[in-house]
There are 2 protein chains.
Amino acid sequence: MKSDFNKNLKIYNSLSGKKELFVPINKKKIGMYVCGPTVYNNAHLGNCRTFISFDLINRYLIHLGFKVRYVRNLTDVGHLENDDDDGEDKISKKAKVEKLEPMEIVQKYSIDFHKVMERFNTLPPSIEPTATGHIIEQIDCIEQIIKSGYAYEKNDSVYFDVLKFNKKNNYGRLSGRKLENMMNNSRSLDGTTDKKNPQDFALWKKAEESHIMFWNSPWGKGFPGWHLECTAMSKKYLGDYFDIHGGGMDLKFPHHDCEIAQSEALSNKNPAKYWMHTNMLTLNGKKMSKSIDNFILPSEIFSGNNKFFEKQFSPNVVKFFMYQAHYRSVLDISNDSLIASEKGLNKLFNGLNLIPELDCNEKPSDFDIESWINNCYLKMNDDFNTPMLIAELFDCLSFINNVKKSSKNLNIIDKEKLESTFKIFLFDVLGLVDKPESNNAEDKISSELIGLLIKLRNQSRENKDFKLSDQIRDDLMNIGIQLNDDKKESYYKKIK
Amino acid sequence: MKSDFNKNLKIYNSLSGKKELFVPINKKKIGMYVCGPTVYNNAHLGNCRTFISFDLINRYLIHLGFKVRYVRNLTDVGHLENDDDDGEDKISKKAKVEKLEPMEIVQKYSIDFHKVMERFNTLPPSIEPTATGHIIEQIDCIEQIIKSGYAYEKNDSVYFDVLKFNKKNNYGRLSGRKLENMMNNSRSLDGTTDKKNPQDFALWKKAEESHIMFWNSPWGKGFPGWHLECTAMSKKYLGDYFDIHGGGMDLKFPHHDCEIAQSEALSNKNPAKYWMHTNMLTLNGKKMSKSIDNFILPSEIFSGNNKFFEKQFSPNVVKFFMYQAHYRSVLDISNDSLIASEKGLNKLFNGLNLIPELDCNEKPSDFDIESWINNCYLKMNDDFNTPMLIAELFDCLSFINNVKKSSKNLNIIDKEKLESTFKIFLFDVLGLVDKPESNNAEDKISSELIGLLIKLRNQSRENKDFKLSDQIRDDLMNIGIQLNDDKKESYYKKIK
């Protein structure tokens, strides 16, 4: 890697709405905080996209030579049903449904989340703090915010005074909302709340009788508000001002705007220099949602056991599929797009595996390797533009195939660079795996065997030997492999 | 399983020094707390033995039909170098050495610990709380102990007053130590400590300038004493009085005796009905210790990359080896003992795999299956006596081998019981894995697919379509599967 690539990275900062040159606060050390999952159910594929995107960002920063302290939290208390200050706590509610202690729910779904992240070959964060693990730090923050004058206690709860804060500061600056518009559009308070204004948000909530998760505090038994944990934990592990704060697009408001308000009340600082937000994953053109049954878990894709896709897809393929869109674009997942990604990824891997076998000599290559490598970095330096990076890899793939057919020349020194650059971007940066997991070899054998059987079946159909072609189809079905005939070719899916 | 086996379980209670009938506090629901690792380095095999033993206990209780809430903590603060109230915090010290934030150390070694436990196919605990995650609960406990009169504050630290406690209670009852003997054998205080007596232990320690882990408290900035976390967390998740408290033998004193004192000061209750302690693992006859370089990590055994053993051993073999001794006995690991265990385990698996092929009939078996099953449970009910259980399994293995040689008779109904009982004890109770790791299903599919292709080839040969039969043979050869034709059938072997 040329040493100056780490000086030319541009990051789209949600705060300015512009791509900005990335200038770290402390030269080589980067602090990055990403809002993690609320661990009350199995992470769906939409959640995963966010964390896979930040894995890419983490990996690329590491590749550029930075030392990243990557903090990603687990929310295990305080996230109420409507992402607001009312309704039941998501963890507590699930605990009642599953007849478990809230911390058993947290354990169960944290383990699930970690397993999924591992299947996707993402690097674990450097620190993974929990909200319940930082109650005392949150209480400390509340006491300071009260002291600063921007919070008030009412009936054993404490609220952030948005109106007062906004007089000297700018509430809603990240999402671009104006407090006066919000106030005009909100219903007036109905008398059941302790808030002075509907825009105020809870820093500490009094635990009602029915509440099963609570802690002692200067304001009595209660629990922290959802927005506070990220402020308390990022401050503890990254300081008052750090490089990158990230999360899903849906967290911009109110969550991240509230975080900024809290931090400004605490230390007069917007906590992060760069705010990054990942976009949504839709399924067959619609938002993923449990309520409309448009919803898929990673494990259902890996096993093929789902109603959306005709076959199973590996974590590698799903990850590659995600990187074929930019992290700030909406991405739609469908059967066809996954099949296309699988083919594309196979072509890239085949290309990579071809390189060692390519003939080469000392004449110049018919391809400008240096400028190609440069372009790969330029694309990643352009706000982590993975689809453009992948286009560069495919560009080079045509050259590799032409060298294989002896229609283009490859220089011996370029050959090494070609292979190492391909590996850097596929494995280190995109975090794909060459031989996925332990059953890859077996997987490969069985797909090759299925390929043989499909070929035999096609031959028998061409020969009008329909008895044999039906027999092959039926025999495969008996061992759990369903063939689907297309005009051009046969696909299969494992149904057991 | 006969329903009354869960009424006849006997557990050796370290508190009474006797085997006692296990009578759960709440019929079907069991609370079990096990002291987990201090996550400041890679878990060595000795640590693992403790958690593997409690995995067995957890699994057997579940098998007996109990619903177990199994709480195992991670110690991430407060455990000082000498397991005492002086010296540096183990996590902080490692953080300085590795130039990481203490919570980065915790994350790194927690991930390692979880991976090792997963390789050993242990079930995760229901809840895995951390000391730093329960500071507020620990502060609550301290305030209550001060109120009860058994703790005093001195220079911003708080100590448990052992002498005062012992006047009405019995300090040291678990380890069988007498306070007066301890006092006679201890050096007098040298004036640098705030303790009234050398036996007093810290509940809260003032953080000195150099300390990097601390929290606000009613006594100023500080951190909790090591013994307190387990009291606070077991109380929170299992209540003041629960069924089983476990840990390694070395934790009896002072850790568990201090826990008992804290709980008695808080609620007048010894927190656990049954106290269980696992014994040491030695290596080549000597205690495992880093300082004398007599020390092995699980990963070094699995990879074979170590100076102690001549070959690699799977997690399955190491686990089976451990179960060949009773959990309360010292166990020595050596090359020869591992080789013997590997042979033994292979014999058992071969026996299990033989069962489906055994000839059987409706005549009575030459082996009393019912009383054998009964004996298996009796052995486990005798304080989880795995070596005796394994002896029972070997006993039955001789019978299986004799049936195979047609020298003994097997009844058709007994055959099913034999197979299911073998599986229950090997897989559900001992938690061994049949075909280690994940490629089992794929293995099965590829052998079925190869079977189909062999069938097609045989058909084509019968039809004298040698072009097709040769094609199938060649295609298989191309993907690394070599067919060998016998007079009766075709065999294959994977050559890649």
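Criteria and cut-off values
Residues numbered from 1 in each chain as written. Chains lettered and ligands numbered in written order. Predicted model: local features only at pLDDT ≥ 70, side-chain atom pairs only at ≥ 80, totals over all residues. Helix = DSSP H or I, 4+ residues; strand = E, 2+ residues; numbered from the N terminus. Buried ≥ 20, exposed ≤ 12 C-beta atoms within 10 Å, placed from the backbone. Contact = placed C-beta atoms within 7 Å. Nonpolar A, V, L, I, M, F, W, Y, C, P; charged D, E, K, R; others polar. pLDDT = per-residue confidence, 0-100. Pairing = 2+ DSSP bridges. Core = buried A, V, L, I, M, F, W, Y, C linked by C-beta atoms within 7 Å. Axes fitted to C-alpha atoms, helices over the stretch in contact; angles between N-to-C directions. Parallel < 35°, antiparallel > 145°, perpendicular 65-115°, else oblique. Left-handed = near helix turned anticlockwise from the far one by under 90°. Domains from an automatic or database assignment.

A. Up close: unusual backbone geometry. Note that the residue after Phe253(A), namely Pro254(A), is joined by a cis bond; omega there is 0 degrees. Here Pro254(A) lies in helix α8 (residues 252-267). Positive phi outside glycine occurs at Asn155(A), with the angle close to 50 degrees. When you line up the elements, Asn155(A) lands in the loop between β5 (151-154) and β6 (157-160). Note on Asn155(A): 9 C-beta atoms within 10 Å, which makes it exposed. You will see that Asp293(B), though not glycine, has its phi angle at about 60 degrees, which is positive. Tracing the backbone shows Asp293(B) in the loop between β12 (286-287) and α9 (298-303). Judged by local crowding, Asp293(B) falls into the exposed class, with 7 C-beta atoms found within 10 Å.

B. Structural view of the interface of chain B and chain A. In this assembly, 35 residues from chain B lie in contact with 35 residues from chain A. Elements that contribute at least two residues to the side of chain B that touches chain A include exactly α3 (102-119), α4 (135-148) and α15 (440-462) of chain B. With ten residues, α15(B) is the single largest residue contributor to the side of chain B that touches chain A. Split into classes, the residues belonging to the side of chain B that touches chain A amount to 16 nonpolar, nine polar and ten charged.

C. Quick look at the confidence of the model for chain A. Of all residues in chain A, 94% have pLDDT values of 70 or greater, and the mean over the chain is 92. The ipTM for the predicted assembly is 0.85, set against a pTM of 0.87.

D. Quick look at the sheet that holds β12(B). The strand order across the open sheet built from three strands is β12-β11-β13 (chain B), with neighbouring strands paired in mixed fashion. Either end of the sheet is taken by a strand with one partner, and the two such strands are β12 and β13 (331-333) of chain B.

E. Up close: the nonpolar core. With 234 residues, the main nonpolar core has Ile145(A), Phe160(A), Leu203(A), Ile145(B), Phe160(B) and Leu203(B) as its most contacted residues. If we ignore the near neighbours within four places in the chain, the residues touching Leu203(A) are Ile142(A), Ile145(A), Ala151(A), Val158(A), Tyr159(A), Phe160(A), Gly225(A) and Leu228(A). Core analysis: the second largest hydrophobic core is formed by 22 residues, Ile445(A), Ile450(A), Ile454(B) and Ile472(B) among them.

F. A look at the pairing of strand β1 (residues 10-13) of chain A. Residues and elements named next belong to chain A. Of the strand pairs in this sheet, β1 and strand β2 (residues 18-21) are connected by four bridges, and their pairing is antiparallel. Looking at β2, one finds that Asn13 is bridged to Lys18. In sequence, β1 turns back onto β2 through a hairpin of four residues, with Gly17 there showing a positive phi of about 70 degrees.

G. The arrangement of helix α2 (residues 90-98) of chain A in detail. Taken together, the buried positions of α2(A) are Lys90(A), Ile91(A), Ser92(A), Lys94(A) and Ala95(A). Tucked inside the fold, the buried residues of α2(A) contact α3 (102-119) of chain A.

H. Fine view of the packing of helix α4 (residues 135-148) of chain A against α8(A). Residue and element names in this part refer to chain A. Remark: α4 packs on α8, axes separated minimally by 8 Å, with the N-to-C direction vectors making an angle of 70 degrees. Relative to α8, the element α4 is oriented roughly perpendicular. Helix-helix and strand crossings are classified by hand; for α4 and α8 the assignment is left-handed. Of the residues in α8, those touching α4 at Cys141, Gln144, Ile145 and Ser148 are Gln262, Ala265 and Leu266.

I. Up close: the packing of helix α7 (residues 226-238) of chain A against α8(A). Residues and elements named next belong to chain A. At a minimum axis distance of 9 Å, the contact between α7 and α8 shows a crossing angle of 55 degrees. One finds that α7 runs oblique with respect to α8. Crossing of α7 over α8 shows right-handed handedness. Judged by residue contacts, His227, Leu228, Cys230 and Thr231 of α7 engage His255, Cys258, Glu259, Gln262 and Ser263 from α8. Of the residues that constitute the contact of α7 with α8, the class distribution is three nonpolar, five polar and one charged.

J. Summary view of the domain arrangement of chain A. Residues and elements named next belong to chain A. When the domains of chain A are assigned, the result is domain 1 (3-278), domain 2 (288-429) and domain 3 (440-494). One C-alpha centre belongs to domain 1, the other to domain 2, and the line joining them spans 34 Å. On the domain 2 side, the residues contacting the 25 residues of domain 1 number 22 residues. Counting only elements with at least two residues in the side of domain 1 that touches domain 2, the list comes to β1, α1 (45-63) and α3. Here the side of domain 1 that touches domain 2 gets eleven residues from one element, more than from any other, and that element is α1. A per-class count over the side of domain 1 that touches domain 2 returns twelve nonpolar, eight polar and five charged.

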